[in-house]
Structure formats: structure tokens, C-alpha cells
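Coordinates in review
The chain contents come next:
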Amino acid sequence: MLETAIAGVLIDAAAKVGAPIVKGLLEQYVGGTAADIGGQIIDMVAEAAGVEPAALPSTPAGQVQEAVRSVEERTPELLIQWNVQQKQAIDLMRAEMDKGGPAWTWAWRPAGMWTFIGLFGWYAAGLPLLNLILGLIGAGERLGLVVDVGTLTTMFMFFSGFYMGGHAAQDIAGKLRDAMRRGS
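Here is what the cut-offs are and how they apply
Residues numbered from 1 in each chain as written. Predicted model: local features only at pLDDT ≥ 70, side-chain atom pairs only at ≥ 80, totals over all residues. Heavy atoms only, no water. Helix = DSSP H or I, 4+ residues; strand = E, 2+ residues; numbered from the N terminus. Buried < 20%, exposed > 50% of the residue type's maximum accessible area, 1.4 Å probe, protein only. Polar contact = N/O pair within 3.5 Å; in protein donor to acceptor, adjacent residues only side chain to side chain. Contact = heavy atoms within 4.5 Å. Core = buried A, V, L, I, M, F, W, Y, C linked by side-chain atoms within 4.5 Å. Axes fitted to C-alpha atoms, helices over the stretch in contact; angles between N-to-C directions. Parallel < 35°, antiparallel > 145°, perpendicular 65-115°, else oblique. Left-handed = near helix turned anticlockwise from the far one by under 90°. Phe/Tyr/Trp six-rings, centres within 6.5 Å; stacked < 30°, edge-to-face > 60°. Lys, Arg positive; Asp, Glu negative; His and termini not counted. Salt bridge = Lys/Arg side-chain N within 4 Å of Asp/Glu carboxyl O.

1. What to know about the side chain of T59
Looking at the element boundaries, T59 is found in the loop between α3 (35–49) and α4 (61–97). Residue classification places T59 among the buried residues on the basis of a relative accessible area of 10%. Polar side-chain contacts of T59 include one of 2.7 Å to the backbone oxygen of A55. When residues no more than four places from it in sequence are discounted, the contact partners of T59 are V51 and V64.

Written out as C-alpha cells, the structure reads:
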């Protein structure tokens, strides 16, 4: 709430001093998904005015307008830095999505997770619902649709060990291999 009040004061000041970049950025990015740039502009204006951001609404209008005018001159540089930061974030997301290599090298993890979600869902909801619908206790056992809890838990722990312990085992094996090479 305070941020929008501050932004309102700054938008008015930007309109009065002819600072369209600051005005546009504050109107578009305060409190939204890209609020970080709006917050940066508020901080820059407060710094130029020599006050804390929370004190901007009570700061004399002339002082705020002069601070907005000085920030308007530095805003293009801020936008360039922000765009570079956004590009780096997008490049990082693309690199994470592009796993590279054959699908089996990475697809086993989500496939395993979905399989266990399905098995636990069947055990916790599907089987009791089947028993309720058929009106028989043990209908799943008679139809051969029961997953033994002990077996399910063992399979899940085995999968979890591969899923979470694979990199640890790989690191340990690599360190042992390096140690053996140095020892030879």
C-alpha cells in the first residue's frame, strides 16, 4: 500500500517535470511482476531527494520533482542494465530446459516421480474408492489390483536413492578415480 502511495506521488511529479520514462516505468512496474525496476526507481528518487522512500509522500513537491528530473537522466542506463539482467535470466532458463543428450538420460526422473505419485494415489484413494463402489472389502485383492505397502515403500526408497544419491555417488567415484591417478 505504501509503495503505491509513493508511486502516485512520483508519477504526479514525473508528469509535472516532463519525465516520461520514469512516469511510464512507475505506472507499469510498481507492484507488478517486474516490480523490482519500479522499486529501484523509487529508491533512486528517494536517494536523489535525500529522504527514505517511505518519506517521499510527505516531502515537498519541488524537492520530489527535482529528484525525479535527476533520475530521468539516469533511467536509460538503468533500463539497459535491467534488460541485460533479463536476457541473462532468460538464457539461464533456456539452458536449464535444454537438457541435451538422449531423453532417457534425464526423463527417468520425472517418469519415476509420476509413477510413484500414481502408485501412492492408487493405494491411498483409488483402492478405497474401488472398495466403496463395489461394496466389497478386499475387492482390490480379489481383482489383483493391490500394491503391497512394503514393496511400494521399498521400490520408492530404491528410486529415491538413485534420484538423490546418484550425483553423490558420481562425485565420490570421481574423487576416488582422481586419487588413484595421483597415487599411480
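2. Describing the nonpolar core
Nonpolar side chains tend to gather and get buried jointly when the protein is soluble and globular. Among the nonpolar cores identified, the biggest contains 24 residues, and L10, V22, L26, I41, V45, L56 and V68 are the most heavily contacted of them. Counting residues per element, this core draws most heavily on α3, at seven residues. Apart from the residues lying within four places of it in its own chain, the contact partners of L10 are L26, I42, V45, L56, V64 and V68.

3. Some points on the packing of helix α5 (residues 104–134) against helix α7 (residues 149–183)
Between α5 and α7, whose axes approach to 11 Å, the crossing angle comes to 155°. Between α5 and α7, the angle is such that the two are roughly antiparallel. Seen from above, α5 lies across α7 with left-handed handedness. Here W108, R109, G112, M113, F116, L119, F120 and Y123 of α5 lie close against α7, whose contacting residues are V149, L152, M155, F156, F159, F162, Y163 and H167.

4. Thoughts on the packing of aromatic side chains
Counted by the stated rule, this structure contains seven aromatic pairs. Here the aromatic rings of F116 and F159 are separated by 5.4 Å at their centres, their planes lie at 40°, and the arrangement is tilted. Taken as a pair, F116 in helix α5 and F159 in helix α7 lie far apart in primary sequence, 43 residues in all. Here F116 and F159 have matching classes, each one buried. Ring centres of F158 and F162 lie 4.8 Å apart, and the angle between their planes is 90°; on these two criteria the pair is classed as edge-to-face.

5. Let's talk about the side chain of E72
Inspection of the secondary structure puts E72 in helix α4. Comment: no salt bridge for buried E72; closest opposite-charge side chain is R69, at 9.5 Å. Sequence-distant contacts of E72, defined by excluding residues within four places in its chain, comprise A19, P20, I21 and V22.

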